Number of protein chains: 2
Amino acid sequence: MSTRNLTLMTDLYELTMMQGYFKEKANQTAVFDVFYRTNPSGNGFAIMAGLEQVIEYIKDLHFGEEEVDYLRSTGLFDEDFLDYLKNFKFSGDIYAIPEGTVVFPREPLVKVIAPIMEAQLVETAILNIINHQCLIATKTARVVHAARGDGIMEFGLRRAQGPDAGIYGARAAMIGGCIGTSNVLAGQLFDVPVKGTHAHSWIMSFPDELTAFRTYAKLYPTACILLVDTYDTLRSGVPNAIRVFKEMKEAGIPLKGYGIRLDSGDLAYLSKKARKMLDEAGFTDAIISASSDLDENLINSLKTQGAAINSWGVGTNMITSSDWPAFGGVYKLVALKDEATGQFIPKIKLSENSEKVTNPGNKTVYRIYGTDTGKMIADLIALTDEEYSASQPLLLFDPVDTWKKTHLAPGTYTIRELPVQVFDNGQCVYESPSVMEIRDYCQQELDTLWDEAKRLINPHRAHIDLSAKLYATKNSLLEAVDNMTHQQNL
Amino acid sequence: MSTRNLTLMTDLYELTMMQGYFKEKANQTAVFDVFYRTNPSGNGFAIMAGLEQVIEYIKDLHFGEEEVDYLRSTGLFDEDFLDYLKNFKFSGDIYAIPEGTVVFPREPLVKVIAPIMEAQLVETAILNIINHQCLIATKTARVVHAARGDGIMEFGLRRAQGPDAGIYGARAAMIGGCIGTSNVLAGQLFDVPVKGTHAHSWIMSFPDELTAFRTYAKLYPTACILLVDTYDTLRSGVPNAIRVFKEMKEAGIPLKGYGIRLDSGDLAYLSKKARKMLDEAGFTDAIISASSDLDENLINSLKTQGAAINSWGVGTNMITSSDWPAFGGVYKLVALKDEATGQFIPKIKLSENSEKVTNPGNKTVYRIYGTDTGKMIADLIALTDEEYSASQPLLLFDPVDTWKKTHLAPGTYTIRELPVQVFDNGQCVYESPSVMEIRDYCQQELDTLWDEAKRLINPHRAHIDLSAKLYATKNSLLEAVDNMTHQQNL
């Protein structure tokens, strides 16, 4: 668990295909897109996250002696291929949308252009990392939105799906807008604030609650948050907390960032009662924090009921995205390079399920903003050989209902290409911002959305359009595949 | 991502409490239980998993210079405590129920007896590991049960919640009964079978499907499973696969473990049609495998509809336990040692939510089997200072409806203590079996349950009883706490 090479963290079929490519078409360059089809949790968008870990993974890719020996032991691989693996290094290009960016279904979040055998190998790990962090960042953005300005703390490590889910989940939760995490290792690794006070066991280890509170307050007079529900919240916990706050005040200890934490029971009722008791004792600035199987819907409901809570610790439901625990990102071949011409030949994947049909070609994404509002108007998925400029009129049309058109005049909009280059011929050419910088950028990104797009339930659906050229390419490929299938069966 | 010390993978409050204990009661020995309250996914039981990783974590616990420097930088810790951390080593005892065992709510899965500051530190990581692996092992047991003897392959790495969720999730899935995993790193780490063939990208990288199939069959003539849904399953994929199988046959290549894979569309309809086409072409032993957002309910439904599928690749829903993505295990203080007498003083935690009240004391679990059937009759949670023997009559009673009693005569039952000692004064005294051995043991464990207890929906609920002494201890503590709370408020 403590030391590992993630190169073999891939599906077996990536390696069997890789050997096949090695033997059949080692020089074939391919383009693969990472994209997802549906926003998680019914949200109106997703938050891009995980790129820094993808970069680390690509940089660190190597087959050591142990890995090669293990692969040999499966009996599936020939010595020429194993020899090739010994000197393997990723040599391709990668483009990606920066972390913290608001993204939408079918947009290429990551694009890999590389010899097909290299591009195939990295599929599983890239998807694993991007799927996980995008999921948690997006879920967190929902929870933060529900809290209407209150701080959300990430408390989920113990319920996360394994160590990485806790560590990188905390990272993603910070990107999505948390003010801190209980996870000390995440604090150390990502330089983000760590938070927390004490558990029920602290209280139970003392002869009584009052002694436990007094001892805690003596040790940690600053930011002293007392957990009040071990025995009886309103009859024991809150009165004892008030007694300790009074003693601190009388002793001249400055009360800063102090208060109570509720961890069970009806949080609306208990918080209002506790607020009243604290206020009557003169502790009107005492924080009431809450934790107890919270999610965005419960927080929203508690806010609506006027719960007197101003700090929230969210665990299980955020760190696992419990209502929607998989992001569903996929990695699809979209083009092959014709080595004679240097051109990318678009490829398409059909499916019995029509929403699984891919967008072909070497693509990019542009975001269009209104000049007057600064808000996002639409995204445009286009081929990389197209050129766009805000000094030209722009025609947008819906890729399904193509009669739905929008004409934008020059001066009324700005345009920004979302992906950046991350690897160039195997060399990393991108430096990841710090997590707190990504978090700030994500808040700016959220500001470019209208409130209607951020609604938790049934949000306004963003316009994600295809360029005219991409739309035409897709349709001609669909027809060509259909013809091919018919001919084979004549 | 590649090298890490998990010692700081803990909630901040564990460390602040730890410092508090260090200063106030460094010699206090405590007993903590790991248990859960509800079986996941509506199942009738859970499968214990993750112990080997807990052991690795405990063995590896140490605060290096970097960790101490980081903790110092938070401003929360004093130098005397940081000095203590530099030489920290776990010195306690740990008992646990072996991996692969069928377990039930409220049973102590892991019990830590250690100086309270040590026992507190390890809470978060132990819960993280046990919660994750028990969840996935239990979900997998459900999926395997639904497949009625067909093999289940774990295909979820790309949708797992981060690398560990994929790696240790695959481990737990093997324990729960999978026949293999696509995850090569899990294959290497845990010596379990790895499986897989090719993806849509393989097909799309060739000029046509037939060429792709032929090339694949040439490279991998053994266990050649062709993915048939890239363009059109019944009009293109299956006919092309049959053509390649005929060519292999004509070339004298032995067809072993060969067949097709369906990855989209209506699996019941497509599999029956494909079965007919394969049979008519003489390939009656061709495998039809399926993968496409499967879970135990869909597999159960497809089996009931007579789908002609005999091999299943299960990804997202199993590796995330999508309908129930957190196990909910907790870690509670249950006793403190009176250093004068050496006795363990039971402790209890009340709660506004009555199902959160803990079972106090230093406990163990016995499983009672019927001599005639070999099946489990009940579990008995008891204090460690009680003695049980199958040569004595045994009285069991329901801890809620105490009038529900069962008398077992000597000779009609056998009794087995479930937990084993894992650490003794900080030394590991347990050797984990291999994953495949744990898998075999788990299958034997499942055989001790009646079919009614393994039903996917509304299963028979197992009898989990408290010993008379534990029941009396719990009630007297509840009354004592109630008295204390009342007195404080007079």
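About the cut-offs
- Residues numbered from 1 in each chain as written.
- Chains lettered and ligands numbered in written order.
- Predicted model: local features only at pLDDT ≥ 70, side-chain atom pairs only at ≥ 80, totals over all residues.
- Heavy atoms only, no water.
- UniProt positions renumbered as here; feature names shortened; annotations may be inferred.
- Helix = DSSP H or I, 4+ residues; strand = E, 2+ residues; numbered from the N terminus.
- Disulfide = S-S within 2.5 Å.
- Phe/Tyr/Trp six-rings, centres within 6.5 Å; stacked < 30°, edge-to-face > 60°.
- Least-squares fit on C-alpha atoms with pLDDT ≥ 70 in both.
- Contact = heavy atoms within 4.5 Å.
- Buried area = accessible area lost by both parts, 1.4 Å probe.
- Salt bridge = Lys/Arg side-chain N within 4 Å of Asp/Glu carboxyl O.
- Nonpolar A, V, L, I, M, F, W, Y, C, P; charged D, E, K, R; others polar.
- Domains from an automatic or database assignment.
- 1 Å grid on protein atoms, 1.4 Å probe; cavity = no way out; pocket = protein on both sides within 12 Å on 5 of 7 lines; lining within 4 Å.
- Points joined across faces, edges and corners; volume = space filled by probe spheres on them.
- Pairing = 2+ DSSP bridges.
- Buried < 20%, exposed > 50% of the residue type's maximum accessible area, 1.4 Å probe, protein only.
- Axes fitted to C-alpha atoms, helices over the stretch in contact; angles between N-to-C directions.
- Parallel < 35°, antiparallel > 145°, perpendicular 65-115°, else oblique.
- Polar contact = N/O pair within 3.5 Å; in protein donor to acceptor, adjacent residues only side chain to side chain.
- Arc of directions from axis to C-beta.

## A word on the UniProt feature "domain: Nicotinate phosphoribosyltransferase C-terminal" (unreviewed entry) in chain A
Now for step 1: UniProt records the feature "domain: Nicotinate phosphoribosyltransferase C-terminal" (unreviewed entry) at residues 362-474 of chain A, using the numbering of this structure.
Now for step 2: Its end C-alpha atoms 12 Å apart, residues 362-474 of chain A is made of 21% helix and 35% strand.

## Some thoughts on the state of the cysteines
Now for step 1: Evaluation of the coordinates by the stated rule reveals zero disulfides over all chains.
Now for step 2: For Cys-428 of chain A, which is in no disulfide, the shortest distance to another cysteine sulfur is to Cys-134 of chain A and amounts to 18 Å.

## Observations concerning the packing of aromatic side chains
Now for step 1: Counted under the stated rule, the structure contains 38 aromatic pairs over all chains.
Now for step 2: The interplanar angle of 35° and the centroid separation of 6.1 Å between the aromatic rings of Phe-81 of chain B and Tyr-84 of chain B together place this pair among those described as tilted. Linking Phe-81 of chain B with Tyr-84 of chain B, this pair stays in helix α4 (residues 79-86), spanning three residues, or about one helical turn.
Now for step 3: These aromatic residues form a ring-pair network of at least three members: Phe-22, Phe-63, Phe-77, Phe-81, Tyr-84 and Phe-88 of chain A.

## What to know about the relation of the copies chain A and chain B
Here the two chain copies are tied together by a rotation about an axis and a shift along that axis.
Now for step 1: Between chain A and chain B, the superposition needs a rotation of 180° and an axial shift of 0.0 Å, giving an RMSD of 0.0 Å. A rotation of that kind, with that shift, is consistent with a two-fold axis.
Now for step 2: Interface overlap between copies: 100% of the residues of chain A at the interface are likewise at the interface in chain B, consistent with a symmetric, same-surface contact.

## Re the interface of chain A and chain B
Now for step 1: Taken residue by residue, the interface counts 120 residues in chain A and 120 residues in chain B.
Now for step 2: Here chain A and chain B share an interface that buries about 10,100 Å² over both sides, 56% of which is from carbon and sulfur atoms.
Now for step 3: Glu-24 of chain A is paired through a salt bridge with Lys-218 of chain B; the nearest N and O atoms lie 2.7 Å apart.
Now for step 4: Ranked by the residues each element gives to the side of chain A that touches chain B, the list is headed by helix α1 (residues 12-24) of chain A, at eleven residues.
Now for step 5: Classifying every residue of the side of chain A that touches chain B by side-chain character gives 48 nonpolar, 44 polar and 28 charged.

## Points about the domain arrangement of chain A
Residues and elements named next belong to chain A.
Now for step 1: Each assigned domain of chain A is listed here: domain 1 (6-136 + 325-488) and domain 2 (137-319).
Now for step 2: With 28 residues of domain 1 at the interface, the matching set in domain 2 holds 29 residues.
Now for step 3: Around 2,100 Å² of area is buried between domain 1 and domain 2 when both sides are counted, 60% of it from carbon and sulfur atoms.
Now for step 4: In terms of surface lost to domain 2, no three residues of domain 1 exceed Ile-136, Val-435 and Leu-456, which account for 34% of the buried area on that side.
Now for step 5: Remark: the boundary between domain 1 and domain 2 carries two salt bridges.
Now for step 6: As a salt-bridge pair, Glu-99 and Arg-171 come within 2.7 Å of each other at their nearest N and O atoms.
Now for step 7: For the side of domain 1 that touches domain 2, the secondary-structure elements that each account for two or more residues are β2 (46-47), α2 (51-60), α6 (123-146) and α15 (435-447).

## Some words on empty space enclosed by the protein
All names here are of chain B.
Now for step 1: Considering all chains together, one arrives at three cavities of 30 Å³ or more under this definition.
Now for step 2: Space inside the largest cavity adds up to approximately 50 Å³.
Now for step 3: Contributing to the lining of the largest cavity are Asp-33, Phe-35, Arg-106, Glu-107, Pro-108, Val-334, Asn-359 and Lys-363.
Now for step 4: Here the residues of the lining of the largest cavity are counted per class, giving three nonpolar, one polar and four charged.
Now for step 5: Estimated volume of the second largest cavity: approximately 40 Å³.

## Quick look at the pairing of strand β3 (residues 93-96) of chain A
Residues and elements named next belong to chain A.
Now for step 1: Of the strand pairs in this sheet, β3 and strand β5 (residues 110-115) are connected by four bridges, and their pairing is antiparallel. Bridge assignment links Asp-93 to a residue of β5, and that residue is Ile-113.
Now for step 2: Relative to strand β19 (residues 420-424), β3 runs antiparallel, the two sharing three bridges. Each residue of the ladder has a partner; that of Ala-96, found in β19, is Val-420.

## Concerning the pattern of salt bridges
A pair can form between side chains of opposite charge whenever their charged atoms are brought close.
Now for step 1: Per the stated rule, a full pass over the model turns up 52 salt bridges over all chains.
Now for step 2: Of the charged contacts in the structure, one is a salt bridge between Lys-23 of chain B and Asp-80 of chain B, with a shortest N-O distance of 3.3 Å. In this pair, Lys-23 of chain B sits in helix α1 (residues 12-24) while Asp-80 of chain B sits in helix α4, placing the two residues 57 residues apart along the sequence.
Now for step 3: Of the charged contacts, one joins Lys-276 of chain B and Glu-280 of chain B as a salt bridge, the two residues approaching to 3.3 Å between their closest N and O atoms. Pair noted here: Lys-276 of chain B and Glu-280 of chain B are both in helix α12 (residues 267-280), with a separation of four residues, about one helical turn. Grouping residues by exposure puts Lys-276 of chain B and Glu-280 of chain B together as exposed.
Now for step 4: A single network of salt bridges, built from pairs that share partners, joins Asp-11, Glu-14 and Glu-123 of chain A together with Arg-158 of chain B.

## Considering the UniProt feature "domain: Nicotinate phosphoribosyltransferase N-terminal" (unreviewed entry) in chain A
Now for step 1: Mapped onto the present numbering, the UniProt feature "domain: Nicotinate phosphoribosyltransferase N-terminal" (unreviewed entry) falls at residues 8-131 of chain A.
Now for step 2: Along residues 8-131 of chain A one finds 44% helix and 17% strand; the C-alpha atoms at either end are 18 Å apart.

## What to know about the sheet that holds strand β12 (residues 330-338) of chain B
Residues and elements named next belong to chain B.
Now for step 1: One open sheet holds the seven strands; their spatial order is β13-β12-β1-β5-β3-β19-β20, and the pairing between them is antiparallel. Single-partner strands in this sheet number two, and they are β13 (343-346) and β20 (427-428).
Now for step 2: Helix α2 (residues 51-60) contacts β3 (93-96), β19 (420-424) and β20 of the sheet and is inclined by roughly 15° relative to β19.
Now for step 3: Most of the contacts of helix α6 (residues 123-146) go to β12, to which it runs at about 135°, and overall it touches β1 (29-35), β5 (110-115) and β12.

## Quick word on the sheet that holds strand β1 (residues 29-35) of chain A
Residue and element names in this part refer to chain A.
Now for step 1: As summarised here, the arrangement of the seven strands in space is β13-β12-β1-β5-β3-β19-β20, forming an open sheet in which the pairing is antiparallel. Whereas interior strands pair on both sides, the edge strands pair on one side only; in this sheet they are β13 (343-346) and β20 (427-428).
Now for step 2: Bridge count between β19 and β20: two bridges; the pairing is antiparallel. Looking across to β20, one finds that Asp-424 is bridged to Gln-427.
Now for step 3: Taken strand by strand, α2 contacts β3, β19 and β20, and its axis lies near 15° from that of β19.

## Observations regarding the packing of helix α7 (residues 163-175) of chain A against α15 of chain A
When two helices pack together, their arrangement is captured by the angle between the axes and the distance separating the axes.
All names here are of chain A.
Now for step 1: Contact geometry of α7 with α15 gives a least axis separation of 8 Å together with a crossing angle of 40°. Compared by their axis directions, α7 and α15 come out oblique. Contacts between α7 and α15 involve Arg-171, Met-174 and Ile-175 on the former and, on the latter, Val-435, Met-436, Ile-438, Arg-439 and Cys-442.
Now for step 2: Of the residues in the contact of α7 with α15, the class split is six nonpolar, no polar and two charged.

## Topic: the side chain of Thr-473 of chain A
Residues and elements named next belong to chain A.
Now for step 1: Structurally, Thr-473 is set in helix α17 (residues 468-488).
Now for step 2: In this structure the side chain of Thr-473 is engaged in a polar contact, spanning 2.7 Å, whose partner is the backbone oxygen of Lys-469.
Now for step 3: Once residues lying within four places of it in the same chain are set aside, the contact partners of Thr-473 are Pro-346, Pro-360 and Leu-383.

## Quick word on helix α13 (residues 296-304) of chain B
All names here are of chain B.
Now for step 1: Buried within α13 we find Glu-296, Ile-299 and Leu-302. End-on, the buried residues of α13 take up no more than an arc of 130°, which puts them together on one face.
Now for step 2: Capping the start of α13, Asp-295 holds a side-chain oxygen 3.0 Å from the backbone nitrogen of Asn-297, two or three residues further along.
Now for step 3: Taken from the residues just after α13, Gly-306 is the one with a positive phi, measuring 75°.

## Re the pairing of strand β15 (residues 376-383) of chain A
Residue and element names in this part refer to chain A.
Now for step 1: Summarising burial for β15: seven of the eight residues are buried, a large majority.
Now for step 2: One ladder, built from seven bridges, connects strand β14 (residues 363-370) with β15; its direction is antiparallel. Residue pairing in the sheet places Ile-368 in a bridge with Ala-378 of β15.
Now for step 3: In sequence, β14 turns back onto β15 through a hairpin of five residues, with Gly-374 there showing a positive phi of about 75°.
Now for step 4: The sheet contact formed by β15 and strand β21 (residues 464-466) spans three bridges and is parallel. Residue Asp-379 lies in a different strand from β21, and its bridge partner there is Ile-464.

## Some details on the environment of Gly-20 of chain A
Now for step 1: Within the element layout of this structure, Gly-20 of chain A appears in helix α1.
Now for step 2: Exposure remark for Gly-20 of chain A: the relative accessible area of 0% places this residue in the buried category.
Now for step 3: For the pair formed by Gly-20 of chain A and Phe-81 of chain A, sequence separation is 61 residues and the distance between their alpha carbons is 9.4 Å.
Now for step 4: In contact with Gly-20 of chain A, not counting residues within four places along its chain, are Lys-25 of chain A together with Trp-202, Leu-219 and Tyr-220 of chain B.

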